[in-house]
Structures are given as structure tokens and as C-alpha cells.
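One-letter residues, chain by chain:
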Amino acid sequence: MMRNECTFGETMIHAIAQTIEDNTLAFHGFGSPLVQLALHVAKKTHAPDLVLVAGATYGINPNPPFLTPTSNDWVMDRNAEASLDIGELFDLAAAGRMDRMFLSGLQIDQWGNCNVTQLGNESLKLKLPGGGGGCNLSCDVGNVTLWTAAHRAPANNKSKRRFRLVSECDFITSLGHRSREGKRPAELGHRGGGPDWVVTDLGVFDFDDEGMMRLKYLYPDTTAEEVLENTEFKPVMPMNIETMSLPDGEVVSIIRNLDPLKIHEKELSPGDLNRTFH
Amino acid sequence: MSKANGQTNGFNSVFSSADKRASLTDLAGHVRDGDLVAIGGGLSSREPMAVLHELIRAGRKNLTVFGSAHGIDIDLLCGAGAVSRSAESYVGFEQDFGMAPNYRRTCEAGDVVVDDTCCYTMVQQLRATIQGVPFMPIRSARGTDFIKLHPEYKTMTCPFTGEELLLVPAIEPDVAIIHAQYGDAHGNLRIEGPPVADILFAKASRKVIATVEKIVSNEELKELGGVSIPYFYVTALSEVAMGAHPTACYPFYAYDRAHTSLYFDAARKDADNFRQNYLEPYVLNVASHDDYLSRIGGDEVLNRLSSWDRNDASWQALYQEPA
């Protein structure tokens, strides 16, 4: 396939899509255009038999004419083969039928715990929107892809950084590989395998056997030093860190056709809007 | 949560009257100060906005709101000072406008107690009420900080398998407030598209009040595809066209992004700005729902929002950035 120029946003969608396997059931939440697009890319390319369940509408295998900034919208449910209700959707996960889900946070720690509930652990400093179904799903779903487009944490004018990838979450909204007491999900009796990928604007991580985040791929324009500088904890750094593959022309055109309003760019930091790769 | 002790009162009555039609004001009169309220719809879809405006005009206070993923409905109630506790799973404007300004402000000021829930936990708590049992077990949530936030959750060892399970107590909302596309005079409701948690809310709540775009005959309701919520759950209903504006109520109208943008701009700065530029002109100083419709632009707005089904280009145009 011919290689076109692609944007950073398209590369990140491609990287998320690579975490989705064929013949599985995957569910995207709401407010996550990068993930919504990644699921459609996966289904139209390497995962044609993916059971794609849309967030908020719970439509199965929809074929929306364009991406909207609102998830619970008939646009996003267009041409769905069937629909689930809220109980059935979460029952699927609880009973072990949901293979993959996607979660994010204003804080993500080294174990893949995420916080979308509040900043400040003793007193509330900033109320975040909340986690939707993420708390339950993080425990129940086969595997979880974490993502954030705001890994880069530039220092403010007091040379202080507000990290997105933090040593400890102020509130654990969704569970990663270790609870606050150090328990692994399996010890707690959870059936889910936890997060296995983290896709950020600086690189792509997997997790080692201990459940620690480990740098796996960089982008053509990022370095290991940048990753370390922008991460509050020290991720596992293997000897060989590969470069993430770029989306081919087919993937780029799927994304551009499905997102003419460029909704996914709302998730990106302003500085990442001009990043392109060849 | 105050009323989540597993002790539900049981449902010893059904709503059987032949004609449930009521004015919007009478409908809102079923909600009392301090009630635990389950608001239907979700995010930018089918929020019962006309009823919420009426509740605000009536000065309702100290409501606890309980539900899944919400946006302008909860943010507006918080901004109007009607809420003292929020047990939603999400309140925000997604990637469209981001965090909910009034919700954030009132939570951070301590005016609204943060009692966040998670979708499946909510589903199971409603199911417990619906099934007449004091709790439901779930496997998930242990290991997260929701356990700290909710001391009312208990753990038990399963007598069959020996596994540890989390027990979440039954929740019985005082009132469910639902906006559906269609209903009949008897109170049967028909929801088109994703029902979100509305059907669970209707079955688990002591009272259900509903607005509908159109009241039709029971025969027409069945011709349209059938009843989603049978009449005996429903206390009263009112026909309120555009009753979910600015959220969507397809097939009648799409989401009003321009009005939501106006709302967000008024809300983001501070509480005074919100009061002056949104709450007063669009809620408090409004005489009726018809008055509201004329203030938002009348037929011209309905024509624009109902143009979604002409073709994809027309639909897409509704999401373009406001000029």
C-alpha cells in the first residue's frame, strides 16, 4: 500500500487500532473520538469480524456517515445491525464476553490505574466528569487499551509539571494491575486481564509480568528521553525500543472519510495538530 | 447515598387511572424538595429539559440525582442550585465542549456532595429494587476508590463458590423523569433509539413523570412499533413538543449544538454570568415552554434541527462550528 503523508492524530488512531484483534467483541465508551475511529479502522481493515459495540448507543456494527462530537447520537448508531440496552451491555462484560475496552484518565499511573473522578485525594481540588462504566469494565473486560493524547506535560511558569502519567492517582476510578493495597486483579477475583497497551502522544507502552508500564514503541519524532522527562514514574525501559508503524494510505483515507469534521483533533494537544509523518 | 440502605418500601400501588394527561406545572409538582431523582436520557440525547426548567422555576432544592452518563441536564440543575448530591457516573460535554462548568463549580465549592457511581453498579442497584431484593452482587469495583466513596457497599463470601463479591444495595428513586417520543393518554410510553437507563428507572422508581413529543392513540403507538414502558408505571404525562431541547429527540429533531455552545459560554465564566446570561433569560424569566421556544428562535430552530433527515450533508451541517 502506498504511503501517504499522515497526521499524528491518524498515527495515534492507527496505533490504537493495532491493539484490536479480529473475531473479538470490543466496546468503545463515549467522548473518545480517537478510539471510535480506531474501532472502525480495525473493522474495515484487519478485523472484519470484530463485533463492534458503540459507546452510549450500544449499537452493534454501526456504519455512521460521519463522526459527531456527541456519542449518544443517531448519527453514530446509523445502520447498526442490532442494539443492546445498558443492562445487557454490562452483563456481557461481567460474564466474560467482552474482549476489549478503552479507558483514559487525567491521571494514569504505572500500573495502569486511571483517575477521571477528581484531583485532590484528601480534599476535592478539581471535579472531573467521572468514569461512566469504566470502574466496572476495568475489572471485567478481557483486556483494556489505555490512551491519552496529553502525555506531554510542559512545565508551567513556576517550572512545575502537571503530569498525566503519574506515580499515584489521587482517585482510582478504573483498576489497572495493582490496587492501592498492592493487590493484583486476579487476587481480588476479577476476571479481566487488565490493561495491556497504553497509547500516548509520545509512545506506546505494554506491561511487564509485574504489571508495570514498559515502553515498547516511539514515534519517528519522539525520544526515550522525552518519554522519561514527561513521566512522573520511571517506566520499564527495555534495551530495544522500536519505532511505531505508520498508517497506510487505506487507513488514512478511512479516517478522513469518516471524520470530515475532524472531531478527533479535539482530543489532541494544540502542539500535536501540526505533527505529520511521511 | 442517603436512601441506599437496601430497604425499599415495596410497590403497593400501580398507576391505573384512565387519563394521565397533566400540565407541565402539575407534572413537575410530583417532585419534592430532597427527592432522589433519576433523570432519563443520556449525554446529548432525550434529556427531559422542559420538566427540569419547570422544577427550577418552582424553586426545587436539595435534590439527589442518580444516573449514568449525563450533560447539560445535571449541569443546569447544579447551576440553578437545585442539587445537593450527585450520584451520576459522568457529567460533562464529551469532547464537544469538555467539562461541565456548573457541575464542577458546585462540586468544588462543596454545595454538591460528590457521590459518583459507575454504570453497572447503578444497573444492579436498580435491578435489586425491580426484583424486590435488598441488594445485588457484583464482582467488579473492588480495588477501586469507589469502595471508599461508598461505605454502604458490603462484601460477602459467596456461600456456593467461596469467592468474595461486592453487594450493592437496592436504590429506589422517588421520581423518574423521562422524555419519550410518543405516549398515549393512559401513560404508555414509546422510546425510539437507545433507551439508556430509562426503562430501568421507570421500573425502579416510586413515581414516573414523562413528557412526550406527541400523544397518540394506543393503536397508533402499537403501529409505531410498540410500548417501551407500560402505562401502570407512569404517574402522569404531558405532551411537550421540543421538550428535550437543546438535546436531541430523533426523529423529531437533532441536537442543538449552537444553543449548547451559547449555554456553555454563559456557564464557563462564573455563576453570576451563568445566571445573567442563561438562567434568567432562558429559564427563570420564562412564562411557559412556548415562551422558551420563542426565545430560542421558534419555528426557525425546529426547522433547522429537523432538517437532519434530508441527507447526510444536511445532518452534518448541524455539527459545523458556529460561525
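Worth saying up front: this structure is predicted, and the values here are computed from it rather than measured. By convention here, each chain's residues receive numbers from 1 onward along its written sequence. Here every chain gets a letter starting at A, and every ligand a number starting at 1, in the order they are written. Confidence filtering applies because this is a predicted model: local features only for residues at pLDDT of at least 70, side-chain atom pairs given and counted only at 80 or more, and all residues used for totals across whole chains, interfaces and linings.

Draft legend 1. Structural detail: the overall build of chain B. Think of it this way: any DSSP run of H or I at least four residues long counts as a helix, any run of E at least two long counts as a strand, and we number them from the N terminus. Assigned secondary structure in chain B consists of 14 helices and 14 strands. Relative to its length of 323 residues, chain B is compact, with a C-alpha radius of gyration of 20 Å against a globular reference of 20 Å. Expressed as lengths along the three principal axes of its C-alpha atoms, the size of chain B is roughly 60 × 50 × 40 Å. Whether a residue is buried, exposed or partly exposed follows from its count of other C-beta atoms within 10 Å of its own C-beta, namely 20 or more, 12 or fewer, or something in between, respectively; the C-beta atoms are built from the backbone. For chain B, with 323 residues in total, the buried portion stands at 55%. Each residue gets a C-beta atom placed from its backbone, and two residues are in contact if those atoms lie within 7 Å. The long-range fraction of contacts in chain B, counting pairs at least 24 apart against all pairs at least 6 apart in sequence, stands at 75%. Both definitions apply: the radius of gyration is a C-alpha atom measure, and the globule rule equals 2.2 Å times residues to the power 0.38.

Draft legend 2. Examining the environment of Ala80(B) more closely. Residues and elements named next belong to chain B. Along the polypeptide, Ala 80 turns up in the loop between α3 (72-79) and β4 (83-87). Taking the number of C-beta atoms within 10 Å as the measure of exposure, Ala 80 has 24 and is therefore buried. It is 9.1 Å that separates the C-alpha atoms of Ala 80 and Ala 271, two residues lying 191 residues apart in sequence. Those residues in contact with Ala 80 that sit more than four places away from it in its chain are Ile 56, Leu 279 and Val 283.

Draft legend 3. Spotlight on the nonpolar core. To count as a nonpolar core, a set of buried Ala, Val, Leu, Ile, Met, Phe, Trp, Tyr and Cys residues must be joined through C-beta atoms within 7 Å. Counting residues in hydrophobic clusters, the biggest one holds 177 residues, and the most contacted among them are Ile16(A), Ala38(A) and Leu77(B). Counting residues domain by domain, this core receives three or more from each of domain 1 (1-84 + 245-266) and domain 2 (103-212 + 224-241) of chain A. Look past the residues within four positions of Leu77(B) in its chain and what remains in contact with it is Leu52(B), Leu63(B), Val65(B), Ala82(B) and Val83(B). Each domain span listed reflects an automatic or database assignment of domains.

Draft legend 4. Structural context of the packing of helix α3 (residues 86-94) of chain A against helix α6 (residues 119-131) of chain B. Helix axes use the C-alpha atoms of the stretch in contact, all axes being lines fitted to C-alpha atoms, and the angles between their N-to-C directions lie in the range 0 to 180 degrees. Where α3(A) meets α6(B), the axes come as close as 10 Å, and the angle between the chain directions of the two elements is 115°. As summarised for this structure, α3(A) and α6(B) are arranged roughly perpendicular, according to the angle between their axes. You can see that α3(A) and α6(B) cross each other, and the crossing is left-handed. Contacts from Ile86(A), Gly87(A), Phe90(A) and Ala94(A) in α3(A) reach Cys119(B), Tyr120(B) and Val123(B) in α6(B). Three classes are used: nonpolar for Ala, Val, Leu, Ile, Met, Phe, Trp, Tyr, Cys and Pro, charged for Asp, Glu, Lys and Arg, and polar for all others, with Gly counted as polar. In terms of residue class, the contact of α3(A) with α6(B) is made up of six nonpolar, one polar and no charged. An angle counts as roughly parallel when it lies under 35 degrees, as roughly antiparallel when it exceeds 145, as roughly perpendicular when it falls between 65 and 115, and as oblique in every other case. Left-handed describes a crossing whose near helix is turned anticlockwise from the far helix by less than a right angle; the clockwise case is right-handed.

Draft legend 5. Highlighting the sheet that holds strand β8 (residues 114-115) of chain A. An order of β8-β7-β12 (chain A) is seen for the three strands of this open sheet, with the pairing classed as mixed. This sheet does not close on itself; its edge strands, each paired only once, are β8 and β12 (165-166) of chain A. Strand pairing is defined by DSSP finding a minimum of two bridges between the two strands.

Draft legend 6. Summary view of helix α2 (residues 33-44) of chain A. Residue and element names in this part refer to chain A. An ideal rise of 1.5 Å per residue puts 16 Å on 12 residues; α2 measures up with 16 Å between its terminal C-alpha atoms. When you tally the buried positions in α2, you get 11 out of 12 residues, the bulk of the element. Restricting attention to buried positions, one finds in α2 the residues Pro 33, Leu 34, Val 35, Gln 36, Leu 37, Ala 38, Leu 39, His 40, Val 41, Ala 42 and Lys 43. Given the number of residues in a helix, its expected span is that number minus one, multiplied by 1.5 Å.

Draft legend 7. Focus on α3(A). Taken residue by residue, α3(A) has Ile86(A), Leu89(A), Phe90(A), Leu92(A), Ala93(A) and Ala94(A) as its buried positions. Buried residues along α3(A) sit against β3 (51-53) and α4 (134-140) of chain A together with α6 and β8 (135-138) of chain B. Of the residues one or two after α3(A), Gly96(A) is the one with positive phi, at around 90°.

Draft legend 8. A look at the interface of chain B and chain A. Facing the 51 residues of chain B at the interface are 54 residues of chain A. Of all the elements in the fold, those that place two or more residues in the side of chain B that touches chain A are β5 (90-93), α4 (94-97), α5 (101-108), α6 and α14 (312-317) of chain B. Considered class by class, the residues forming the side of chain B that touches chain A number 26 nonpolar, 13 polar and 12 charged.

Draft legend 9. Spotlight on the confidence of the model for chain B. pLDDT is defined as a per-residue confidence score from the predictor, taking values between 0 and 100. Here chain B shows a mean pLDDT of 95. Residues at 70 or above account for 95%. Model confidence for the complex: the whole-complex pTM is 0.97, and ipTM, which rates the interface, is 0.96.

Draft legend 10. The arrangement of the domain arrangement of chain A in detail. Residue and element names in this part refer to chain A. Under the domain assignment, chain A is made up of domain 1 (1-84 + 245-266) and domain 2 (103-212 + 224-241). Each of domain 1 and domain 2 was reduced to a C-alpha centroid, and the two centroids are 23 Å apart. Contact residues are listed per partner, giving nine residues for domain 1 and 10 residues for domain 2. Counting residues per element, the ones that place at least two in the side of domain 1 that touches domain 2 are α1 (8-17) and α2. The dominant element in the side of domain 1 that touches domain 2, judged by the number of residues it contributes, is α1, at three residues. Its residues placed into classes, the side of domain 1 that touches domain 2 shows six nonpolar, three polar and no charged.

Draft legend 11. Examining the pairing of strand β13 (residues 195-200) of chain A more closely. All names here are of chain A. Burial of β13 is extensive: five of the six residues sit out of reach of the surface. Across five bridges, strand β11 (residues 143-148) lies against β13 in parallel orientation. Looking across to β13, one finds that Thr 145 is bridged to Trp 197. In this antiparallel pair of consecutive strands, β13 and strand β14 (residues 203-207), the connection spans two residues.

Draft legend 12. Here's a closer look at the pairing of β8(B). All names here are of chain B. Judged by which residues are buried, β8 turns out to be one-sided: Met 136 and Ile 138 face inward and are buried, whereas Phe 135 and Pro 137, on the alternate face, are not. Where β8 and strand β10 (residues 164-169) come together, four bridges link them in antiparallel fashion. Pairing of Phe 135 across the sheet is with Pro 169, part of β10.

Draft legend 13. Representation of the packing of α1(A) against α2(A) in the model. All names here are of chain A. Here α1 crosses α2 at 60°, and the two axes come no closer than 8 Å. Considered as vectors, α1 and α2 are oriented oblique to each other. When the axes of α1 and α2 are compared, the crossing they make is right-handed. For the pair formed by α1 and α2, the contact residues are Met 12, Ile 13, His 14, Ile 16 and Ala 17 on the first element and Leu 34, Val 35, Leu 37, Ala 38, Val 41 and Ala 42 on the second.

Draft legend 14. Expanded view of unusual backbone geometry. Residues and elements named next belong to chain B. The omega torsion across His 245 and Pro 246 is 10°, close enough to zero to call that bond cis. Mapped onto the fold, Pro 246 is located in the loop between β14 (236-239) and α10 (257-269). Of note, the amide linkage connecting Tyr 250 to Pro 251 takes the cis form, showing an omega dihedral of 0°. Among the secondary structure elements, Pro 251 is positioned in the loop between β14 and α10. Positive phi, close to 55°, is recorded for Asn 62, a residue that is not glycine. Locating Asn 62 in the fold gives a position in the loop between α2 (49-57) and β2 (63-66). The partly exposed category is assigned to Asn 62, around which 13 C-beta atoms lie within 10 Å.

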